Amino acid sequence: MSVVAPTHPPRRLLGLAAVGLVATVAAMTTTTVAAALAGAAGVDFEIPEGGETIPLAGFAVVTGAFSLVGVVLAVVLGRFSARPAERFRWTTVALTAISLVPPFLCGAAAATVAALVVLHLVAAAVMIPALMWGLHRWGRSLD
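Since the model is a prediction, treat every value here as computed from it, not as a measurement.

A. Broad picture of the packing of aromatic side chains. One pass over the full model with this rule turns up one aromatic pair. Seen from their ring centres, Phe45 and Phe59 are 4.8 Å apart, and the 65° between their planes marks the pair as edge-to-face. Taken together, the positions of Phe45 in the loop between helix H1 (9-40) and strand S1 (46-47) and Phe59 in helix H2 (residues 56-80) put the pair 14 residues apart, joining distant regions of the chain. Each member of the pair Phe45 and Phe59 is classed as buried.

B. Examining H2 more closely. Across its 25 residues, H2 extends 37 Å between first and last C-alpha, which sits within 8% of the 36 Å expected from 1.5 Å per residue. Looking only at H2, the buried set comprises Gly58, Phe59, Ala60, Thr63, Gly64, Ser67, Gly70, Val71, Ala74, Val75, Leu77 and Gly78.

C. Spatial organisation of the side chain of Thr112. Tracing the backbone through its elements, the reader meets Thr112 in helix H5 (residues 110-138). Take Thr112: its relative accessible area is 1%, and that puts it in the buried class. Residue contacts for Thr112: discarding those within four places in its chain leaves Val43, Asp44, Phe45 and Glu46.

Quick notes on the rules
- Residues numbered from 1 in each chain as written.
- Predicted model: local features only at pLDDT ≥ 70, side-chain atom pairs only at ≥ 80, totals over all residues.
- Heavy atoms only, no water.
- Phe/Tyr/Trp six-rings, centres within 6.5 Å; stacked < 30°, edge-to-face > 60°.
- Helix = DSSP H or I, 4+ residues; strand = E, 2+ residues; numbered from the N terminus.
- Buried < 20%, exposed > 50% of the residue type's maximum accessible area, 1.4 Å probe, protein only.
- Expected span 1.5 Å × (residues − 1).
- Contact = heavy atoms within 4.5 Å.

Structure follows, in structure tokens:
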């Protein structure tokens, strides 16, 4: 009877996922604090369509959801790509650029649009480098 030595991809996968989860919490916290500071400076975060104001918790929830999409993307690329960090970087930079378009289309005040753009960039500035580091650390050995 032959025994095959395990390669331990679950442990490596968990390492990358753990980096992503920590970065997600950091991004959620950072964007929520930045939104609170913008609100204190006079940005109202009112979206004209429907006249609703984005609540602080909304920043945390949306940042968390899209950050988790980034974690899944990093794990998938880490598992199936020959150059996961490079592909992740290009994909996330493109997705970040696309995410900057909706604030300009919502019809909000200029200060609100500017704050939303900055908040997108803040979340990306936390998530992308953290997951890039995780991919360099664990991504190449997830097979």
